[in-house]
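What the coordinates show
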Amino acid sequence: MFDAHKPSPAVAALRPSEYTAALVHALRAEPRRVRGARVLEIGCGSGVILAVLGSLGAASLCGVDIEDDAIATGRALLQDLGHEAEIYRGDMWQPVAGRRFDLVVANLPHFPMDHFEVAGRLSTWSSGGIDGRELLDPFLEGLSDHFTAYGRALITHNAFIDVERSRRILERHGLAMHIVRTVLVHISKEKIDLMTPSILQAEEGRSVHRYGPHIFADMHIVEIAAAGTRG
Ligand SMILES: C[S@@+](CC[C@H](N)C(=O)[O-])C[C@H]1O[C@@H](n2cnc3c(N)ncnc32)[C@H](O)[C@@H]1O
């Protein structure tokens, strides 16, 4: 049985981050958009975002993750909280090929760095490859194939990995994006030291803010829907 007071090593490793919290905040701000929706989360990790979606009244919950521990931990959490959920181990869209959802959420690994482990976590937790877009691009390319007629997505999007490129990809698929809110996230020294140098150099003073040894960066919560259907 899941015991919140005694987290297993896997639960501790998959702990929510500031990115998770910002996404949860945005979802909780608009519960009517979740109530009754068939939802999918790509990269569900601990399962906490699916748990939030379940508590907000989603009609069905589906999660995908590449990491074995995430599957076991997510299933245990949702079961313990009394939510039915399908959780699949697999790569991105592959486990849900041919299926469509009203709401797709994702807090993908999209930090611009090579495939390094950070804070003892697998590189698949936060590395988005050199440009940060290794996962984000195929996610955006595949999104429209998984939307129902009124489908929309809510995702985290670092400001320093080319927001306009995301916009252009989505436009090619008849989708539009809208920045719902921007929050500051703290970037650890370990992570900054691994960040792709050309991106760090270009973004310092723009979306990356340094105060002595303390570094913060802008992170957007982005909503995506068919072009012309916002609201
Ligand atoms: C930044 S974590 C987010 C976890 C959780 N959603 C949260 O917000 O706390 C990114 C998640 O994406 C998963 N992931 C990485 N590559 C993936 C892939 N190719 N397909 C599916 N999930 C993937 C990781 O295992 C990890 O659980």
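All of the points below concern the structure found in this document. (Residues numbered from 1 in each chain as written. Predicted model: local features only at pLDDT ≥ 70, side-chain atom pairs only at ≥ 80, totals over all residues.)

1. With respect to the packing of helix α7 (residues 136-143) against helix α8 (residues 163-172)
α8 packs onto α7 with a crossing angle of 25° between their chain directions and a minimal axis gap of 8 Å. Viewed along their axes, α7 and α8 adopt a mutual orientation that is roughly parallel. As α7 packs across α8, the resulting crossing turns out to be right-handed. Facing Leu-136, Asp-137, Leu-140 and Glu-141 of α7, the residues of α8 in contact are Ser-166, Ile-169 and Leu-170. (Axes fitted to C-alpha atoms, helices over the stretch in contact; angles between N-to-C directions. Helix = DSSP H or I, 4+ residues; strand = E, 2+ residues; numbered from the N terminus. Parallel < 35°, antiparallel > 145°, perpendicular 65-115°, else oblique. Left-handed = near helix turned anticlockwise from the far one by under 90°. Contact = placed C-beta atoms within 7 Å.)

2. Remarks on the packing of helix α4 (residues 48-55) against helix α5 (residues 68-80)
Contact geometry for α4 and α5: axes closest at 9 Å, N-to-C directions at 25°. In terms of orientation, α4 and α5 fall into the roughly parallel class. For α4 against α5, the interelement crossing comes out right-handed. On α5, the residues that touch Val-48, Leu-50, Ala-51 and Gly-54 of α4 are Gly-74, Leu-77 and Leu-78. Among the residues making up the contact of α4 with α5, the classes are represented as five nonpolar, two polar and no charged. (Nonpolar A, V, L, I, M, F, W, Y, C, P; charged D, E, K, R; others polar.)

3. Re the site of the ligand
If you check the shell around the ligand, you find 25 residues, and the closest are Thr-20, Gly-43, Gly-45, Ile-66 and Asn-107. Sorting the residues of the shell around the ligand by element identifies α2 (18-29), α4, β2 (60-65) and α6 (123-126) as the ones contributing at least two each. Element by element, the count of residues in the shell around the ligand is highest for α6, at three residues. Taken together, the residues that form the shell around the ligand break down as 14 nonpolar, eight polar and three charged. (Near = placed C-beta within 6 Å.)

4. Some points on the environment of Arg-165
Position of Arg-165 relative to the elements: it lies in helix α8. Judged by local crowding, Arg-165 falls into the partly exposed class, with 14 C-beta atoms found within 10 Å. (Buried ≥ 20, exposed ≤ 12 C-beta atoms within 10 Å, placed from the backbone.)

5. Quick notes on the pairing of strand β1 (residues 38-42)
Most of β1 sits out of view: four of its five residues are buried. Inspection of the sheet shows β1 paired to β2 by five bridges, in the parallel sense. Its bridge partner lying in β2, Val-39 is registered against Leu-61. For the handedness criterion, the β-α-β arrangement of β1, α4 and β2 is classed as right-handed. Sheet topology places β1 next to strand β4 (residues 101-106); four bridges connect them, and they run parallel. Residue pairing for β4: Ile-42 is matched across the bridge by Ala-106. (Pairing = 2+ DSSP bridges. Right-handed = clockwise from strand over helix to strand, strands pointing away.)

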